[in-house]
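Letter by letter, the chains look like this.
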Amino acid sequence: MTIRLGDEAPDFSAETTEGPINFHEWIGDNWVVLFSHPKNFTPVCTTELGYMAGIKDKFEQRGVKILGLSVDPLDSHEAWANDIEETQGNALNFPLIADHDRKVADLYDMIHPNANDTLTVRSVFVIGPDKKVKLMLTYPASTGRNFDEILRVIDSLQLTANHKVATPVNWQDGEDVIIVPAVSDEDAKAAFPEGWKTVKPYLRIVPQPK
Ligand code: BEZ
């Protein structure tokens, strides 16, 4: 199935290390990061899951739930979780889908047969409280992802959703942002009473809203 930005995230039911879930019910009013792992007991995945467990509180502060996926059965996930805690110093503290029949991996097009016909690539989906897909990333199996970048994108997405601002190249939290083009100068006066800097009529800079 081809998923594009703005599509509704496909719903599914799945077994996870924290019990069965129905995805849309589990999302509730939260944002979600759904990310896939090629296989259990592999080195890069082990480091990724340990790191994510260590920064879970940063996702929670932003109202984001974390959901991992690996195409292995539940008992294997449980054994792997012990290794993750032992080697990375962080116990798995979010659910990991046991997608042994690859139902979810197929639904989200996480298996790219020309890369590998059984393992998933490293996919990341950020899904909003409206259940719409906001971000998709695809990394090769051999490259660990940068989850700090995912936090940065979520900050940007939430600024856009809440304040109608966009973020410029290499933006970091606290730096100036850009009023989105869809906001007229008239509407911007109400939204940004302290004013903004017009570099060009289409490039209006404001301090990052709180
Ligand atoms: C890993 O997670 O380390 C990995 C998985 C598949 C291919 C290469 C690396």
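Bear in mind that the values here come from a model prediction, so they are computed numbers and not experimental data.

## Thoughts on the site of the ligand
(1) Moving on: Near the ligand you find Thr42, Pro43, Val44, Cys45, Arg122 and Ala141, and these make up its full shell.
(2) Moving on: Arg122 is positioned such that a nitrogen or oxygen atom in its side chain is 2.8 Å from an oxygen atom of the ligand.
(3) Moving on: Here the ligand, which alone exposes 260 Å², has 76% of that area covered by the protein.
(4) Moving on: With 3 residues, the top contributor of residues to the shell around the ligand is helix α2 (residues 43–54).
(5) Moving on: Classifying every residue of the shell around the ligand by side-chain character gives 4 nonpolar, 1 polar and 1 charged.

## Brief notes about unusual backbone geometry
(1) Moving on: We note that Lys131 has phi near 70°; this positive angle belongs to a residue other than glycine.
(2) Moving on: One can find Lys131 in the loop between β6 (122–127) and β7 (133–139).
(3) Moving on: Lys131 gets classed as buried once you look at its relative accessible area, which sits at 18%.
(4) Moving on: Of note in the backbone geometry, Asn170 takes a positive phi value of approximately 55° without being a glycine.
(5) Moving on: Mapped onto the fold, Asn170 is located in the loop between β8 (165–166) and β9 (177–179).

## Regarding the sheet that holds β9
In any sheet, the strands associate via hydrogen bonds between backbone groups, in a parallel or an antiparallel arrangement.
(1) Moving on: Strand order across the open sheet formed by 4 strands is β8-β9-β11-β10, with antiparallel pairing between neighbours. The open sheet has two edge strands with one neighbour each: β8 and β10 (197–200).

## Side note on the sheet that holds β7
(1) Moving on: Read across the sheet, 5 strands follow the order β5-β4-β3-β6-β7 without closing on themselves; strand pairing throughout is mixed. Of all strands in the sheet, those with a lone pairing partner are β5 (96–98) and β7, marking the two edges. Averaged over all pairs of adjacent strands, the angle between their axes in this sheet comes to 20°, without regard to strand direction.
(2) Moving on: Pairing between strand β3 (residues 31–37) and strand β4 (residues 64–70): 7 bridges, direction parallel. Counted as the bridge partner of Leu34 is Leu67 from β4.
(3) Moving on: Contacts from helix α4 (residues 74–88) reach β4 and β5, with the element oriented near 145° to β5.

## Regarding the nonpolar core
(1) Moving on: By size, the foremost hydrophobic cluster in this structure holds 25 residues, and its most contacted members are Val33, Phe35, Leu49, Met52, Phe59, Phe94 and Ile150.
(2) Moving on: Of all the secondary structure elements, the ones that give two or more residues to this core are β3, α2, β4, α4, β6 and α6 (147–163).
(3) Moving on: Top element by residues in this core is α6. It accounts for 5 residues.
(4) Moving on: The residues touching Phe94, leaving out its near neighbours within four places in the chain, are Thr17, Glu18, Phe35, Leu49, Met52, Ala53, Ile66 and Gly68.

## Brief notes about the pairing of β3
(1) Moving on: In terms of burial, β3 is a largely internal element, 7 of the 7 residues being buried.
(2) Moving on: Alternating residues of β3 divide into Trp31, Val33, Phe35 and His37 and Val32, Leu34 and Ser36, and every residue in both groups is buried.
(3) Moving on: As paired elements, β3 and β6 share 4 bridges and run antiparallel to each other. Looking across to β6, one finds that Val33 is bridged to Val126.

## Some words on the pairing of β4
For a regular strand, the rule is simple: side chains alternate between the two faces of the sheet.
(1) Moving on: β4 sits mainly inside the fold: 6 of its 7 residues count as buried.
(2) Moving on: Strand direction decides the pairing type here: β4 and β5, joined by 3 bridges, are parallel. The residue of β5 that forms the bridge with Gly68 is Leu96.

## Let's talk about the domain arrangement of the protein chain
(1) Moving on: Along its sequence, the protein chain is carved into domain 1 (13–145) and domain 2 (164–206).
(2) Moving on: In this structure, domain 1 and domain 2 have C-alpha centres spaced 35 Å apart.

About the criteria used
- Residue numbers run consecutively from 1 along every chain, following the written order of its sequence.
- The model is predicted, so local features are restricted to residues of pLDDT at least 70 and side-chain atom pairs to those at 80 or more, both for listing and for counting; the totals for chains, interfaces and linings are taken over all residues.
- Heavy atoms throughout the structure, all of them, feed into the side-chain values; hydrogens and water do not.
- Only a single heavy atom is needed: when it lies within 4 Å of a molecule or strand, its residue is near that molecule or strand.
- Two N or O atoms form a polar contact when they lie within 3.5 Å of each other; inside protein one atom must be a possible hydrogen donor and the other a possible acceptor, and for residues adjacent in sequence the pair counts only when both atoms belong to side chains.
- Here the open area of atoms and residues is found with the Shrake-Rupley method and a 1.4 Å probe, where only the protein chains shown may cover a residue.
- Helix and strand definitions here come from DSSP, where helices need a minimum of 4 consecutive H or I residues and strands a minimum of 2 consecutive E residues; each element is numbered from the N-terminal end.
- Residue polarity follows a fixed list, in which Ala, Val, Leu, Ile, Met, Phe, Trp, Tyr, Cys and Pro are nonpolar, Asp, Glu, Lys and Arg are charged, and the others, Gly among them, are polar.
- Accessibility here uses a 1.4 Å probe with only protein chains present; expressed as a share of the type maximum, an area under 20% marks a residue as buried, one over 50% as exposed, and anything in between as partly exposed.
- Pairing between two strands is assigned when DSSP locates at least 2 bridges connecting them.
- Helix axes are fitted only over the stretch in contact, all axes being lines through C-alpha atoms; the angle between N-to-C directions runs from 0 to 180 degrees.
- It only takes one pair of heavy atoms within 4.5 Å for two residues to be counted as in contact.
- Note on terminology: a nonpolar core comprises buried Ala, Val, Leu, Ile, Met, Phe, Trp, Tyr and Cys residues joined through side-chain atoms within 4.5 Å.
- Segment limits for the domains were obtained from an automatic or database-derived domain assignment.

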